Protein chains: 2
Amino acid sequence: MNNGLDSFFEPGCVAVYGSLNEWGGLGRGVVQNLSEFGYGGRVCPVHPSRDQVLGLKVSRSIDEIEGRVDLAVVITPARTVPGIVDECARCGVPAAVVVSESFAEADLEGERLQRELVEIARRTGVRIMGPNTVGVLNVANGLITIPYLLGYNSLRSGGIAYCTQTGFAAAQCQPLGDRAFGISKMCDIGNKCDVNEADVLDYFADDPGTIVLAMHLEDVRDGRRFLESARRFTARKPLVILKPGRTEAGARASMSHTASMTGNDECYENAFRQVGAIRVRTWLEFWDVPKLLAAAPIAAGDRVMIVTHSGGAGVVAADVAMECGLKMATLSAAARERLTSISPRLWGNPLDLGPVLATLDDPFATQEEIMSILLQEPSVDCATFGIYAGILSPVQVLADMFERLKDKVAKPVTVYVYGPRLFSTAEMCRQLELKGIPTYFDAETAVRALGMAVNYARYRREIEATGI
Amino acid sequence: MNNGLDSFFEPGCVAVYGSLNEWGGLGRGVVQNLSEFGYGGRVCPVHPSRDQVLGLKVSRSIDEIEGRVDLAVVITPARTVPGIVDECARCGVPAAVVVSESFAEADLEGERLQRELVEIARRTGVRIMGPNTVGVLNVANGLITIPYLLGYNSLRSGGIAYCTQTGFAAAQCQPLGDRAFGISKMCDIGNKCDVNEADVLDYFADDPGTIVLAMHLEDVRDGRRFLESARRFTARKPLVILKPGRTEAGARASMSHTASMTGNDECYENAFRQVGAIRVRTWLEFWDVPKLLAAAPIAAGDRVMIVTHSGGAGVVAADVAMECGLKMATLSAAARERLTSISPRLWGNPLDLGPVLATLDDPFATQEEIMSILLQEPSVDCATFGIYAGILSPVQVLADMFERLKDKVAKPVTVYVYGPRLFSTAEMCRQLELKGIPTYFDAETAVRALGMAVNYARYRREIEATGI
């Protein structure tokens, strides 16, 4: 379903409108980011009085640019934006990202300017993303329309797409590059004057590089289309949604942030459940839950195995498992026999390996044997493992171990890492994520992510069974 | 109320029973930790066949030690523990930490051995902490009975006491030293064969170095005494409780972890509310919520101001504020006038500083002015500020700014820090915490901590008003 969003993510030529000042020029920021992020297409800065920027020729206007322009990025004062977008549309540019703010979220004049943009989109067919957005990025081709320079050089290519209505989730604000899970594309649809959540759902449903989509929605602009597009999407791929504005204060804040009318939260809750979307409630879950959905095979059932190195973590994890709809797996007699032959203490769930491994000469080999027994056990549908990162030396050993287990046994597995030093747990997480293991800084999120994946798997089985 | 717990935290002489092997000897670990942690009292290792360890004379038995022994630390096989504790008691040692495991949490034989310990405590008056514990530490005097070596050297002295029934919360497992909030004392009361939660509450209620106590409880052994001690405690200081076993699976796990009978969760919930305890639900909150309670003046009311550098964070924070019982503060006309004279965009709550500060030459001075206006505003009882840690250079500037504000305006304030690099956010958190500012890695916890502090303040006002 090509709804014109290709031009946003796969343009061959990008025109950039905005300040080219050496200090803080946002247009210059975009031009520089496109170069540093490795974008291979043509970049054409447009500015009324400059000749050159960062070694590139600057055009006075869009019609000076030779050849086809696929995407215009506009970061100019709000009052100038409609004129620029109109000119682009007249010159055949099919898509524009309007990064500028002070539109409907700000005041009446901004509202009027935003209506002008909508009018231009309707009249000319140009697709507009924004206004009031940080824009778009595509890790695979190096396309970036974001003017901020920090945080983008270490992103890894992978299966997670993020769509937001804020820059808070973008890589200049979050340590996405210090983690190692892979991202396909990101977009901030801002005030959604034209491109909205349904367009994005349709685009990513068909995007072969995207395995899971996480959406931050401050509202839904077209309920009917959203339900249709979301249902089509979730029949193929998991959809994670962070929808704030659950409370009156949140709703009011949302209005002045993106001019969103948040509406009744119960209606949203029901709608999300109906279409099989996974609703998260915190920003942490927004980044962390998709990792499992992108990495893991779909769960065959809801029976979870929890393995820790500390009983105190296991008890809390078991609570979370039950509260998010999982069941604790009961091991078969055969598996229990194999485990208790290793140690008589190995029989429970949660299973605390701490005391057992502490006494062994080669704890890693035994740990791998135990985890392999557990993951091969038919009564276990999914599992969470706790990993202690006290020192850096075993990081590689453990990463390799999990990779072997992942290749042998196709079940959803999450890992949480803990230890006395932040740099050590961060490095352990990163190494495991490089091997495609979804890794968490806390047991609670590691278990909750499994619960959400299992709920989605149940939805998929239901719709496949009923053929709806 | 001296209930004999002084000997656990302020002993002048510690006897250590356990393996003194160079590799992995847990008794040796304790001796080494005592030395590295700076304990100034006497340390007397006891071992049947060694003469020296780490430069210290080893005694063959407790009666060989000259002078008074205040605390015995026992890390020997379970079957040997009752004999050792009995001998210590007969020699007048008033307190023993039994680190050894395989007692009531393990099997029938362990249960029998634990009953022997209880019997010894009753008969001789020796107080026993554990068994199945990592023990005790006192940051102020360097006392530590924990055999693990990692994580203890960088703890800072301060007002938070932690009491758990697991080693998972201790510094070998959690990055307590990479943060900079101060800890007074920690203890793991394990299987609670003698010293239980009520003893600990009584002790810390009277401990002048402790401002707030966070307790991880797998069960309550003596409900009546707990209610009494908790009520007395919360009339003086805030009490944070993590009580897992909310679900059937959690309860079962708790039984095999610390032999705890978790009981009906609703009863606990009601009891905690009755005594004004603050119930948290995750390990993250267990470490993070006490920071605010230790640092902040008590809130005068429930009206919160939320200041961000990103609208997307503000909306989610407003939801959390409402959901945890806070009200959004409405600024007075005078405050609004002062703010809008800085920028016409400064009027809302949540207040998004991002777009305003981005255009200024000296954003820090303006930020301080804005925050100062907000904190002096009578309609604001408490506040959360978001801080962007993109690069390291402004860390010191911001830490100093918050220190000045804290000294000028005695209201509870939490800060959350975000940014593209983990090392940068970690360093920002640490520097702010060094100034006594409670700092968080996410907006949601920063707001929730305020909600909990405000609820506790309300409880305190109620009991003070009714004089109960």
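Would you take a moment to explain the relation of the copies chain B and chain A for this structure?
Superposition of the two copies of the chain requires a rotation about an axis together with a shift along that axis. For these two chains of identical sequence, chain B goes onto chain A by a turn of 180 degrees and a shift of 0.0 Å along the axis, with RMSD 0.1 Å. Each copy turns onto its partner about a two-fold axis. Distance from the rotation axis, computed per C-alpha, reaches its smallest value in chain B at Phe423 of chain B: 3.9 Å. Of the residues that chain B buries at the interface, 100% are likewise interface residues in chain A, meaning the two copies contact each other through the same surface.

What's the story with the interface of chain B and chain A in this structure? I'm lost.
Counting from both sides, the interface comprises 56 residues of chain B and, opposite them, 56 residues of chain A. Counting the surface lost from both chain B and chain A, the interface buries some 4500 Å², and carbon and sulfur atoms represent 62% of this. Here chain B and chain A share six salt bridges between them. With a shortest N-O distance of 2.9 Å, Arg421 of chain B and Asp178 of chain A are connected by a salt bridge. Taken together, the connections running from chain B to chain A amount to 25 residue pairs in polar contact (both at pLDDT 80 or more).

Is there a simple way to explain the sheet that holds strand 5 (residues 71-75) of chain A in this structure?
Residue and element names in this part refer to chain A. One open sheet holds the five strands; their spatial order is 2-1-5-6-7, and the pairing between them is parallel. In this open sheet, the two strands that pair with only one neighbour each are strand 2 (42-46) and strand 7 (127-129). Each strand axis lies, on average, 20 degrees off the axis of its neighbour in the sheet, ignoring direction. Pairing of strand 1 (residues 13-18) with strand 5 involves five bridges; the strand directions are parallel. Paired with Ala15 across the strands is Ala72, a residue of strand 5. Sheet strands in contact with helix 3 (residues 81-90) are strand 1, strand 5, strand 6 (95-98) and strand 7, and its direction is about 170 degrees off that of strand 5.

It is not clear to me how helix 15 (residues 422-434) of chain B should be interpreted in this structure. Could you clarify?
A turn of α-helix holds 3.6 residues, and therefore any two residues three or four places apart point the same way. Residues and elements named next belong to chain B. With 13 residues, helix 15 extends 18 Å from end C-alpha to end C-alpha; this agrees with the ideal 18 Å at 1.5 Å per step. Burial in helix 15 covers these residues: Ser424, Thr425, Ala426, Met428, Cys429, Gln431, Leu432 and Glu433. In the segment just after helix 15, Gly436 is the residue with positive phi, at about 85 degrees.

Could you clarify how one ought to interpret the packing of aromatic side chains in this entry?
Both the distance between ring centres and the angle between the ring planes are used here to describe each pair of aromatic rings. All told, the structure shown has 32 aromatic pairs over all chains when counted by the stated rule. Taking the centre distance of 4.8 Å and the plane angle of 15 degrees together, the rings of Phe9 of chain A and Tyr203 of chain A count as stacked. One end of the pair, Phe9 of chain A, is in helix 1 (residues 6-9); the other, Tyr203 of chain A, is in helix 5 (residues 197-205), with 194 residues separating them in the sequence. Like Tyr203 of chain A, Phe9 of chain A is buried. One aromatic cluster in this structure is built from Tyr162, Phe168, Trp283, Phe286 and Trp287 of chain A together with Tyr388, Tyr416 and Tyr418 of chain B.

What's the story with the nonpolar core in this structure? I'm lost.
A general feature of soluble globular proteins is that nonpolar side chains tend to end up buried together. Ranked by size, the top nonpolar core spans 205 residues in total, and within it Val200 and Leu213 of chain A together with Val200 and Leu213 of chain B carry the most contacts. Discounting residues that sit within four places of it in the chain, Val200 of chain B has contacts with Leu5, Cys163, Cys187, Ile189, Val195, Leu213 and Met215 of chain B.

What's the story with the environment of Ala358 of chain B in this structure? I'm lost.
Mapped onto the elements of the fold, Ala358 of chain B is located in the loop between helix 12 (354-357) and helix 13 (363-376). Residues Ala358 of chain B and Ala399 of chain B, 41 residues apart in the sequence, show an inter-C-alpha distance of 20 Å.

Is there a simple way to explain the pattern of salt bridges in this structure?
When charged atoms on two side chains of opposite charge get close, those side chains can pair. Per the stated rule, a full pass over the model turns up 76 salt bridges over all chains. As a salt-bridge pair, Glu119 of chain A and Arg123 of chain A come within 3.9 Å of each other at their nearest N and O atoms. Taken as a pair, Glu119 of chain A and Arg123 of chain A lie in helix 4 (residues 108-124) at a separation of four residues, close to a single helical turn. Looking at Glu119 of chain A, the relative accessible area reads 42%, which means it is partly exposed. With its nearest N and O atoms 2.6 Å apart, the salt bridge here joins Arg236 of chain B to Asp206 of chain B. One end of the pair, Arg236 of chain B, is in the loop between helix 6 (223-234) and strand 13 (239-242); the other, Asp206 of chain B, is in the loop between helix 5 (197-205) and strand 12 (212-216), and 30 residues separate them in sequence. What makes Asp206 of chain B partly exposed here is its relative accessible area of 28%. Salt bridges linked by common partners bring Arg127, Asp194, Asp199, Asp202, Asp206, Arg225, Arg232 and Arg236 of chain A together as one network.

I would appreciate a short explanation of unusual backbone geometry in the present structure.
Peptide bonds are mostly trans, and most non-glycine residues show a negative phi. Following Gly130 of chain A, the chain continues to Pro131 of chain A via a peptide bond in cis, the omega torsion being -5 degrees. Relative to the helices and strands, Pro131 of chain A is located in the loop between strand 7 and strand 8 (136-138). Cis geometry marks the peptide bond from Asn349 of chain A to Pro350 of chain A, where omega comes out at 5 degrees. The topology assignment puts Pro350 of chain A in the loop between helix 11 (333-342) and strand 17 (351-352). Phi is positive for Asn132 of chain A, which is not a glycine, with a value near 70 degrees. The topology assignment puts Asn132 of chain A in the loop between strand 7 and strand 8. When its relative accessible area of 15% is taken as the criterion, Asn132 of chain A is described as buried. Look at Lys192 of chain B: it is not a glycine, yet its phi comes out positive at around 55 degrees. With respect to the helices and strands, Lys192 of chain B occurs in the loop between strand 11 (182-188) and helix 5.

Can you help me understand the confidence of the model for chain A in this one?
Keep in mind that low pLDDT regions are not for reading the predicted coordinates in detail. This prediction gives chain A a mean pLDDT of 93; 99% of its residues lie at or above 70. Across the whole predicted complex the pTM is 0.94, and at the interface the ipTM reaches 0.92.

Where do I start with helix 2 (residues 26-36) of chain A in this structure?
Residue and element names in this part refer to chain A. Looking at helix 2, one finds that the buried residues are Gly27, Arg28, Gly29, Val30, Val31, Asn33 and Leu34. The inward-facing, buried residues of helix 2 contact strand 1, strand 2, strand 3 (52-53), strand 4 (56-57), strand 5 and strand 9 (143-144). In the segment just after helix 2, Gly38 is the residue with positive phi, at about 90 degrees.

Explain the sheet that holds strand 11 of chain B to me, please; I cannot follow it from the model alone.
As a general point, the strands of a sheet are linked pairwise by backbone hydrogen bonds and lie either parallel or antiparallel. All names here are of chain B. With respect to topology, seven strands assemble into an open sheet ordered 9-8-11-10-12-13-14, the strand pairing being mixed. Single-partner strands in this sheet number two, and they are strand 9 (143-144) and strand 14 (278-280). For strand 8 (residues 136-138) and strand 9, the ladder comprises two bridges, and the chain directions are antiparallel. Bridge pairing links Asn138 to Leu143 in strand 9.

Explain the state of the cysteines here, please?
All names here are of chain A. One pass over the structure, following the stated rule, counts zero disulfides over all chains. There is no disulfide at Cys163, and the cysteine sulfur nearest it, in Cys187, is 3.9 Å away. In this structure Cys163 comes out as buried when scored by relative accessible area, which is 0%.

Reading guide: rules and limits
Residues numbered from 1 in each chain as written. Chains lettered and ligands numbered in written order. Predicted model: local features only at pLDDT ≥ 70, side-chain atom pairs only at ≥ 80, totals over all residues. Heavy atoms only, no water. Least-squares fit on C-alpha atoms with pLDDT ≥ 70 in both. Contact = heavy atoms within 4.5 Å. Buried area = accessible area lost by both parts, 1.4 Å probe. Salt bridge = Lys/Arg side-chain N within 4 Å of Asp/Glu carboxyl O. Polar contact = N/O pair within 3.5 Å; in protein donor to acceptor, adjacent residues only side chain to side chain. Pairing = 2+ DSSP bridges. Helix = DSSP H or I, 4+ residues; strand = E, 2+ residues; numbered from the N terminus. Axes fitted to C-alpha atoms, helices over the stretch in contact; angles between N-to-C directions. Expected span 1.5 Å × (residues − 1). Buried < 20%, exposed > 50% of the residue type's maximum accessible area, 1.4 Å probe, protein only. Phe/Tyr/Trp six-rings, centres within 6.5 Å; stacked < 30°, edge-to-face > 60°. Core = buried A, V, L, I, M, F, W, Y, C linked by side-chain atoms within 4.5 Å. pLDDT = per-residue confidence, 0-100. Disulfide = S-S within 2.5 Å.

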